[in-house]
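Summary of structural features
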Amino acid sequence: MSTETKPKAELYKRVDALWTTVRDQFAFLRRDPMAFAGMLVVGAFVFLGLFGPYLAPHDPIEHTVRGDGGSVLRLAAPSVDAFFGTTAYGKDVLSQFLAGARPTLIVGLFGGLGTGALGFTVGVVSGYYGGWVDELLMRLTDLTFSLPFMPMALLLLTFMTPNIWLITAIIAAFLWKMPARVVRSEVLSVRERTFVKSARASGASDLRTMLYHVAPNVLPIGFLYTAYGVAWAIAAQASLAFLGFGDPTMTSWGRMLRQVFASGNMRVAWWWVLPPAIGIAAITTSVFLIGRAYEEVINPEIQTDQ
Amino acid sequence: MSKFQRFLLKRLAISVLLTLIAVSVIFVVLRLLPGSPFEALVTSGNLNQEQIDEIRAMYGLDQSIWVQYVNYLGSLLTFQFGYSILRSQPVWDVLEPRLINSLILLVPALVTTAILSSLLGMYAGWNRGSRLEKFSIVSTTLLRSTPVFITAIFFIIVFAYNLEIVPALGMRSIRATPDGYIETFASLDFLHHYILPFTVAVLYYSGDFLLLARNGVVEKRGSEFLKLHRAKGLTEMEQLARAGRNSMLPILTYFTLRLGMIFQGLILLEVVFSWPGIGRELVLAIQQQDYPLVQAAVFIMALAVILANLLADVLYAYFDPTVSTSGGGSA
């Protein structure tokens, strides 16, 4: 019996500890009003990304809004028929806004996670092994630094049909260098600590030492850069879409802005500009504010007094 | 050879190697692109096969890919970029004025923001917990994390469309026909067009410098040398000046790195403001499949980054004695 209950008890303890961590994080964010506001915005954004397309009153691309006489409502100001007004092509701005959150969420989330995971792995391996592995990986990051992201992404997207996963992959492929460098320099200092050395001395393999002794100690900074990765990915996706290199089959906020800009209606149709512009600005800023709040805690050097 | 010289030599070799690899990647990516601008000419039916061959030979497209590659390497590294296909003008003649237009917008903006935001950041860090610190952090975070084209759109809507203080587009008014750089830039009309994109660029980059400076001063605030200065009886401002001076290095390094990335970072700014710079030209060239122009523009952007990285590493190693010059010196 006891052999069976023991791992179970251990499991409960772990789940419990995890839950406490989550609660602590929440309590921590509540203390910082800006970070808390950021969290509310992120929550609302995730909700929009998941359910926005179902909430949209009309299909964002197919449906054309028509007035009383059956004529197409083009560039109509917000009214009862269309709460957020209509576009130059007679489409419902509210529906486009609601549906447009999803590609933004997908690219932001997976681009950010990909950036964080890739950068974290490279950083840990590079810093832990040192020597020629480190040299090789760091020169690789130098190379991705010297290939300018935006022009290269535009080039790649001209000969591959843009779709949302391709854009996500390109973004992660260019952004991983940021966390990689920071994580590596953290690992360099952790590697020299006594507990890592004693783990090695007591016969732990490289893999085990990296996974159980080094990685947990640099995880916070990895998470922080994953959060920044999310904001960068969202900004990059919106920028690409604005230049006309977005997924042509999906309505995204960046694409909405491109359409206003390209159709030359920015001057009149404020109702068409503001929802996607405010949406993008709000979500990227919120993610950064949450990151900043954590950075204050993670970075021991700026925690002097106070 | 001193340690520093060895470091310098190694860093230089790496930069040269990186340039070669970056240039090769650009070559491969460009050859992967389907179609060519000639296809439009061919399908229009206005050319016969002989003329097509002649044009292809003129651009060296009839040779094997390896010969093309070697020629390409040679010409790029000697800054001979060939002819723009669509503008039928040497690429450099197209790019040079665009490059100047970009530099004249972006370099003063970066310098301005580096000085102003760093000073503000130091002051904010010194007064940690004050309302000024909180406000400056939130506002610069907003400006830094929002994609630059969205900030630009907001500014255009407010200052150009509603208040109608400044024009929304372009670098000179349409009627202006200036001759030469001096006539182009030394005019009130230019200044009128300049102020809005300049302001947006300054604000966009303010966040990084502000936070770097602020964190630097916060780190220094509890340190021993400041206690000494306080004991000596220096005023608050004098103490801040000393704490600030000691946090200059990361700011200087960061400034150098930013300078290298300046062309690629603000492509969208140029697009929104229709500023005739190198970034906007690149986007147009990609859309029109003008490869010689594209490869020259991407090459210039990559080269700028590589040179700036080199400079930043060397500066860091030179000024900071604690940095090991044996490798991995960049922060």
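Residues numbered from 1 in each chain as written. Chains lettered and ligands numbered in written order. Predicted model: local features only at pLDDT ≥ 70, side-chain atom pairs only at ≥ 80, totals over all residues. Heavy atoms only, no water.

**Looking at the overall build of chain A**
Our working rule: Here a helix means four or more residues in a row that DSSP labels H or I, a strand means two or more in a row labelled E, and each is numbered from the N terminus. The cut-offs for exposure are 20% and 50% of the maximum accessible area for each residue type, with area from a 1.4 Å probe on protein chains only; residues under the lower value are buried, those over the upper are exposed, and the others partly exposed. Contacts are assigned to residue pairs with any non-hydrogen atoms lying within 4.5 Å of each other. The Shrake-Rupley method, run with a 1.4 Å probe, gives the accessible areas here. Residue values count only the displayed protein chains as cover.
Check the secondary structure of chain A and you find eleven helices and zero strands. Split into buried and exposed, the 306 residues of chain A put 49% on the buried side. Here the contacts in chain A between residues at least 6 apart in sequence split such that 71% fall between residues at least 24 apart. Per element, the accessible surface of chain A, about 14700 Å² overall, is 65% carbon and sulfur.

**Concerning the UniProt feature "transmembrane region" (unreviewed entry) in chain B**
Residues and elements named next belong to chain B. Going by this rule: UniProt positions are given in the numbering used here, feature names are shortened, and annotations may be inferred rather than shown by experiment.
Those places that UniProt annotates as "transmembrane region" (unreviewed entry) correspond, in this numbering, to residues 12-33, 99-121, 142-163, 194-213, 251-273 and 293-319. Helix makes up 100% of residues 194-213 and strand 0%. Its end C-alpha atoms lie 28 Å apart. Summarising residues 293-319: 100% helix, 0% strand, and an end-to-end C-alpha distance of 39 Å.

**Things to note about the UniProt feature "transmembrane region" (unreviewed entry) in chain A**
Residue and element names in this part refer to chain A. UniProt tags residues 34-56, 105-129, 149-176, 218-245 and 269-290 as "transmembrane region" (unreviewed entry). Structurally, residues 149-176 is divided into 82% helix and 0% strand, and its ends, taken at the C-alpha atoms, are 12 Å apart. Counted over residues 218-245, helix gives 89% and strand 0%. Its end C-alpha atoms are 36 Å apart.

**As for the UniProt feature "domain: ABC transmembrane type-1" (unreviewed entry) in chain A**
This chain's UniProt record puts "domain: ABC transmembrane type-1" (unreviewed entry) on residues 101-291 of chain A. As a span, residues 101-291 of chain A carries 84% helix and 0% strand, and end to end its C-alpha atoms are 21 Å apart.

**Here we look at the packing of aromatic side chains**
Threshold: Planes of paired rings set the category: under 30 degrees apart is stacked, over 60 is edge-to-face and the rest tilted, where pairs are Phe, Tyr or Trp rings (Trp by its six-membered ring) whose centres lie within 6.5 Å. A ring has a charge above it when a Lys NZ or an Arg CZ is no more than 6 Å from the ring centre and no more than 35 degrees off the ring normal.
Per the stated rule, a full pass over the model turns up 19 aromatic pairs over all chains. Seen from their ring centres, Phe110(A) and Trp165(A) are 5.4 Å apart, and the 65 degrees between their planes marks the pair as edge-to-face. Note that Phe110(A) is positioned in helix α3 (residues 93-129) and Trp165(A) in helix α6 (residues 164-175), a separation of 55 residues in sequence. Given the relative accessible area of 49%, Trp165(A) is considered partly exposed. Their ring planes at 65 degrees and their centres at 5.5 Å tell us that Phe149(A) and Phe174(A) sit as a pair that is edge-to-face. A residue pair is termed long-range when its members are at least 10 positions apart, and Phe149(A) in helix α5 (residues 149-159) and Phe174(A) in helix α6 qualify at 25 residues. The buried category is assigned to Phe174(A), whose relative accessible area is 8%. Between the NZ or CZ atom of Arg208(A) and the centre of the ring of Tyr212(A), over which it lies, the distance is 4.7 Å. Taking NZ or CZ as reference, Arg144(B) lies 4.8 Å from the ring centre of Tyr204(B), over its face.

**As for the layout of surface pockets**
All names here are of chain A. Put simply, the test is: Of the two site types, the cavity is a set of points on a 1 Å grid over the protein atoms alone where a 1.4 Å probe fits but cannot get out, and the pocket is an open set with protein on both sides within 12 Å along at least five of seven lines, each lined by residues with an atom within 4 Å of a point. Grid points are joined across faces, edges and corners, and a volume is the space filled by probe spheres set on the points. Just so you know the grouping, Ala, Val, Leu, Ile, Met, Phe, Trp, Tyr, Cys and Pro go in nonpolar, Asp, Glu, Lys and Arg go in charged, and all remaining residues, Gly too, go in polar.
The volume enclosed by the second largest pocket comes to roughly 1100 Å³. Taken together, 32 residues make up the lining of the second largest pocket; nearest its centre are Phe-223, Leu-224, Ala-227, Ile-290 and Tyr-294. Where the lining of the second largest pocket is concerned, the elements lending two or more residues are α1 (2-31), α2 (33-55), α3, α9 (206-242) and α11 (270-298). In terms of residue count, the dominant contributor to the lining of the second largest pocket is α9 (eleven residues). A per-class count over the lining of the second largest pocket returns 26 nonpolar, six polar and no charged.

**Considerations on the nonpolar core**
The cut-off we apply is this: Among the buried residues, those of types Ala, Val, Leu, Ile, Met, Phe, Trp, Tyr and Cys that are joined through side-chain atoms within 4.5 Å form a nonpolar core.
Counting residues in hydrophobic clusters, the biggest one holds 150 residues, and the most contacted among them are Trp253(A), Leu257(A), Phe149(B), Ile153(B), Ile156(B) and Leu269(B). A per-element tally of this core places α9(A) first, with 16 residues. Judged by nonpolar contacts, the second largest core, of five residues, contains Val133(A), Leu137(A), Trp176(A) and Ala180(A).

**Things to note about the interface of chain B and chain A**
In plain terms, the rule: When two parts are brought into contact, each loses some accessible area as probed by a 1.4 Å sphere; the total of that loss over both is the buried area. The working definition used for a salt bridge is a side-chain nitrogen of Lys or Arg within 4 Å of a carboxyl oxygen of Asp or Glu. For this analysis, a polar contact is any N or O atom pair within 3.5 Å, provided that within protein one partner can donate a hydrogen and the other can accept it, and provided that sequence-adjacent residues contribute only side-chain to side-chain pairs.
With 54 residues of chain B at the interface, the matching set in chain A holds 47 residues. In total, about 4600 Å² of surface goes out of reach between chain B and chain A, with carbon and sulfur atoms giving 73% of it. A per-residue breakdown of the area chain B buries against chain A is headed by Arg128(B), Tyr161(B) and Ile286(B), which together make up 12% of the total. Across the chain B-chain A interface, the total number found is one salt bridge. A salt bridge links Glu135(A) to Lys10(B), with the nearest nitrogen and oxygen atoms 3.7 Å apart. Across the contact surface, chain B and chain A share three residue pairs in polar contact (both at pLDDT 80 or more). When residues of the side of chain B that touches chain A are traced back to their parent elements, those giving at least two are α1 (3-32), α6 (131-145), α7 (148-162), α9 (188-221), α14 (267-272), α15 (278-287) and α16 (291-319) of chain B. In terms of residues, the side of chain B that touches chain A owes the most to one element, α1(B), which gives eleven residues.

**Notes on the pattern of salt bridges**
What the rule picks out here adds up to nine salt bridges over all chains. With a shortest N-O distance of 2.7 Å, Asp134(A) and Arg184(A) are connected by a salt bridge. On the criterion of sequence distance, the pair formed by Asp134(A) in helix α4 (residues 131-146) and Arg184(A) in helix α7 (residues 177-191) is long-range, its members being 50 residues apart. Given a relative accessible area of 10%, Arg184(A) falls into the buried group. A salt bridge links Arg11(B) to Asp313(B), with the shortest nitrogen-to-oxygen separation between them at 2.6 Å. On the criterion of sequence distance, the pair formed by Arg11(B) in helix α1 and Asp313(B) in helix α16 is long-range, its members being 302 residues apart. Of the residues examined, Arg11(B) reaches a relative accessible area of 7% and is grouped as buried. Under the relative-accessibility criterion, Asp313(B) is labelled buried at 12%.

**Examining a nonpolar patch on the surface**
All names here are of chain A. This is how the line gets drawn: Patch rule: a residue counts if its relative accessible area is over 30% and it has no salt bridge; like charges are joined within 9 Å, and nonpolar side chains (Val, Leu, Ile, Met, Phe, Trp, Tyr) within 5 Å.
Taken together, Val-46, Phe-47, Leu-50, Phe-51, Tyr-54 and Leu-55 make up a surface patch of nonpolar side chains, about 610 Å² in accessible area. Mapping Val-46 onto the fold places it in helix α2. Judged by relative accessible area, Val-46 falls into the partly exposed class, the value being 32%.

**Comments concerning empty space enclosed by the protein**
Residues and elements named next belong to chain A. Summed over the entire model, instances satisfying the criterion amount to three cavities of 30 Å³ or more. Taken as a whole, the largest cavity holds about 50 Å³ of empty space. Along the walls of the largest cavity sit Pro-103, Ile-164, Ile-167, Gln-237, Ala-241, Gly-246, Asp-247, Met-250 and Ser-252, which together make up its complete lining. Breaking the lining of the largest cavity down by element, the ones donating at least two residues are α6 and α9. Partitioning the lining of the largest cavity into residue classes produces five nonpolar, three polar and one charged.

**Focus: the side chain of Thr144(A)**
Residues and elements named next belong to chain A. Considering the arrangement of structural elements, one finds Thr-144 in helix α4. Under the relative-accessibility criterion, Thr-144 is labelled buried at 12%. Reaching out from Thr-144, the side chain makes a polar contact with the backbone oxygen of Thr-141 at a distance of 2.8 Å. Residues in contact with Thr-144, not counting those within four places in the same chain, are Ala-173, Phe-174, Trp-176 and Lys-177.

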